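Commentary on secondary and tertiary structure
Residues per chain are reported as follows:
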Amino acid sequence: MPEWHQLGMACAPFCLLRLGRKFSSTEATRASVVATLKSSSKCPHDLKKGHALIIKSGSRCDDFVVGNFVASCGVLGLMDYAQEVFEEMPEPNGFVWNTMIRGFQRNGRPLDALVFFRRMRYVGLQPDRFTLPFVVRSSGGLLEAWCGKGFHGCVFKFGLEFDVFVQSSLVEMYVQFGDIGMARQVFNEMPERDSVAWTILIAGYVNRCGDMDAARRLFDQMPEKDIVVLNVMIGGYVKLGDMDAANEMFSKIATKDLLMCNTMMGGYVKNWDVGAAYRLFVEMTERDMVTWNTMIGGFIQTGRFKEATELFHRMQTENLRPNDVTIVGMLKACSQVGALDMGRWLHAYVDRNRYLGNVVVGTSLVDMYCKCGVLECAEQIFDQLHDKDVTAWNAMITGFAMHGKSVKALELFHQMQHKRIQPNEVTFVGVICSCTHGGLVDEGKQYFHSMVNEFGLTPQLEHYGCMVDLLGRAGLLEEAYDFIKGMPLAPHTGVWGALLGACKIHGNIELAECAIKHLIELDKEDGGYCAILSNIYAKAGRWDDVAKVRALMKERGIEKKPGCSSIEVDGKVHEFGVGDKTHPRSEEIYTMLKEISRRLTMHGYVARTSENAVEVCSSIDVHVQDRGSQGHQAMVYGEEAGLMMEVQIMAEDIVAKLTRARAKNSITDLPPSESEHRFSIHHSSNDNV
């Protein structure tokens, strides 16, 4: 009689009828119980109903019924429940034993699988081709080579050395041990090899050895290549950063699955080729959360926060719910561009979906509010977090430090120690920065030395840069320079840049020239440092030296990298650069800026001219502008254009509200004085602002 599982559990009784077999009521009950177990393999509650049916039908000793129950428990990860039922059987057959061993192995309990194998041998049952593969894999999971070699001997003892399934398991076991040579030997001795054996060995070369050349040679010999082995090869090339080889193989595949496309997209992002990643994203007919998160993360990684925000909105329009990875990525983007409205929306989403229990999400919210300047909200969320790790403490300490709340930052650091949270290198960056903003020079020195003496941490370049900034801002420029000379590490641009910034504050030209010399050697492309030196010369009235800087920049082809400012309006991020006119509403923005500048001049405003702004244009030409004397003809900076954008849209919003209110003959949206005042900004170019 054919087994029920060969006929299909759900329709087993009907299959027998169609075969013309007359089955007893016991057989019908047996088929009904097994069919119920198969249908309940996705829900523990239904599985308990199946167990009750087994007891009610008197099938507790039926090997086939109990074996199917154990299999369902294995799918749900309830192997302890399966063992309880198994122990009630007087003499389970090999099928039940095999199912128990397989369940333990697949649920990550290899030791229990080996214990059951030993019990099986103790009761006199001989393992078969369905027993040994899972026993062999269990020994591989324990990484016990001596045990695995013993089971290799059992394969010959029980006459299974020519079984493809068993031999493939041996190859996998030796790959897990890292013994790729023995795995290759077993593979070579196989009289017949299936695609599983080929894929296991190729994956061993890729993941265990990183030997893509050997993997490629074996791949080329493989008679039939399926999508699994193609994913292994492409994943290997991506892991090694060889995107040319990955692209070559990827382009030749006719049918690409979702995993393969996600792997390629991740490779592009890892290698900073976000353009290629987005082209693949657009071409994909199927996308999952990994796809969207990878693409959003790629935009954030390369500083393209506007595109990341737009893609996030697009994801929502396609009825995809963001997960914690998406939320963390978008909160990072909000932190970078100061998109507070979007950050608040994400906060509300986190509350609605109860993500705040996730410390990573909570820490990202703290960081976002800190960087957007809303310390009250950041502190409130920080206090609500349970099981705060060092990263959460660092985010709050750094937030206080960057906003000049030195006392609070240091108090929090002491609370952290009281809670027995071990600080790390990032913690001390925040602590020393808080001392810098609070002018606490002696305290900063003490914390710096305590890193080594008390906490056993090795100061990194970032810590040395913070110390130079601490000393420099306090006017201790010579001490800062001596500190740099005594560093055990070679100073990077951050260290010399901190000294240059201090020289700009205190007008120390000699040390500024020394810092510039080292900065140009370290970063020959960035002209921002030369612009700072030019400002220092201009402030001191040394115009000949300003000209020399100009000549030096032309000679070496150094260009100041243009800055960029962004502003969030109605959930959309707008970006502006120096003199930028690419925004679709740039004409209105510039008109308003000119008008405000004109009216400020009329009311007697005079710009600060103690320091002249030295702008380095794209043509490498340096010109000195007195922004006060030039009025509205001075170069427009990104933050000014962004502010005008916000004022423009605010005015339009007020006008819309007034229009709706007047249509109803009742102004109720805003107080009349406030409404009329804002209304005049939008409509008038001659009246007082």
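Residues numbered from 1 in each chain as written. Predicted model: local features only at pLDDT ≥ 70, side-chain atom pairs only at ≥ 80, totals over all residues. Heavy atoms only, no water.

Between helix 19 (residues 289–301) and helix 20 (residues 305–317), the least distance of the axes is 7 Å, while the angle of their chain directions is 160°. Between helix 19 and helix 20, the interaxial angle falls into the category roughly antiparallel. Like other packed secondary-structure pairs, helix 19 and helix 20 cross with a definite hand, here left-handed. Residues Met289, Trp292, Met295, Ile296, Phe299 and Ile300 of helix 19 pack against Phe305, Glu307, Ala308, Leu311, Phe312, Arg314 and Met315 of helix 20. In terms of residue class, the contact of helix 19 with helix 20 is made up of 11 nonpolar, no polar and 2 charged. (Axes fitted to C-alpha atoms, helices over the stretch in contact; angles between N-to-C directions. Helix = DSSP H or I, 4+ residues; strand = E, 2+ residues; numbered from the N terminus. Parallel < 35°, antiparallel > 145°, perpendicular 65-115°, else oblique. Left-handed = near helix turned anticlockwise from the far one by under 90°. Contact = heavy atoms within 4.5 Å. Nonpolar A, V, L, I, M, F, W, Y, C, P; charged D, E, K, R; others polar.)

Moving on: helix 24 (residues 375–384). Here helix 24 has its buried residues at Leu375, Cys377, Ala378, Ile381 and Phe382. Viewed along the axis of helix 24, the buried residues span an arc of 160°, placing them on a single side of the element. Structural note: helix 24 exposes Glu376 and Asp383 on the side pointing more than 90 degrees away from its buried face. (Buried < 20%, exposed > 50% of the residue type's maximum accessible area, 1.4 Å probe, protein only. Arc of directions from axis to C-beta.)

Glancing now at the pattern of salt bridges. According to the stated counting rule, one finds 16 salt bridges in the structure shown. The salt bridge partner of Glu595 is Arg598, with a shortest N-O separation of 2.6 Å. Placement of both Glu595 and Arg598 in helix 35 (residues 586–602) is noted, with a separation of 3 residues, approximately one turn of the helix. Judged by its relative accessible area of 16%, Glu595 falls in the buried class. Arg598 sits in the partly exposed class, given a relative accessible area of 34%. A cluster of three or more residues bridged by salt bridges with shared partners is formed by Asp80, Arg109 and Asp112. (Salt bridge = Lys/Arg side-chain N within 4 Å of Asp/Glu carboxyl O.)

By size, the foremost hydrophobic cluster in this structure holds 178 residues, and its most contacted members are Ile202, Met233, Met264, Val366, Tyr369, Met396 and Leu499. Each residue touching Tyr369, except ones within four places of it in the same chain, is listed here: Leu340, Gly343, Arg344, His347, Val374, Leu375, Cys377, Ala378 and Ile381. (Core = buried A, V, L, I, M, F, W, Y, C linked by side-chain atoms within 4.5 Å.)

Summarising the element assignment, Asn247 is placed in helix 16 (residues 243–251). Placed 10 residues apart in sequence, Asn247 and Tyr237 show a C-alpha to C-alpha distance of 9.2 Å. Not counting the four nearest positions on each side in its chain, Asn247 is found in contact with Met264 and Tyr268.

What follows deals with the side chain of Thr363. Mapped onto the fold, Thr363 is located in helix 23 (residues 359–371). Overall, Thr363 belongs to the buried group, its relative accessible area being 9%. In terms of polar contacts, Thr363 uses its side chain to reach the backbone carbonyl oxygen of Val359, at 2.7 Å. Discounting chain neighbours no more than four positions away, the residues touching Thr363 are Leu385, Asp389, Thr391, Ala392 and Ala395. (Polar contact = N/O pair within 3.5 Å; in protein donor to acceptor, adjacent residues only side chain to side chain.)

Non-glycine residue Trp272 carries a positive phi angle of around 65°. Its place among the elements puts Trp272 in the loop between helix 17 (258–270) and helix 18 (274–283). Within the chain, Asp387 stands out as a residue other than glycine whose phi angle is a positive 55°. With respect to the element layout, Asp387 can be found in the loop between helix 24 and helix 25 (390–402). According to the relative accessible area criterion, Asp387 is exposed, its value standing at 75%.

The next subject is the packing of aromatic side chains. Taken as a whole and judged by the stated rule, the model has 23 aromatic pairs. The interplanar angle of 25° and the centroid separation of 6.0 Å between the aromatic rings of Phe64 and Phe95 together place this pair among those described as stacked. With a gap of 31 residues between them, Phe64 in helix 5 (residues 63–76) and Phe95 in helix 7 (residues 94–106) connect regions that are remote in the sequence. The exposure class assigned to Phe95 is partly exposed, which follows from its relative accessible area of 34%. One aromatic cluster is present, formed by Phe86, Trp97, Phe104 and Phe116 through successive ring pairs. Positioned above the aromatic ring of Phe187, the side-chain terminus of Arg193 is 4.6 Å from the ring centre. One cation-aromatic arrangement involves Lys388 over Phe382; the distance from NZ or CZ to the ring centre is 4.9 Å. (Phe/Tyr/Trp six-rings, centres within 6.5 Å; stacked < 30°, edge-to-face > 60°. Lys NZ or Arg CZ within 6 Å of the ring centre and 35° of its normal.)

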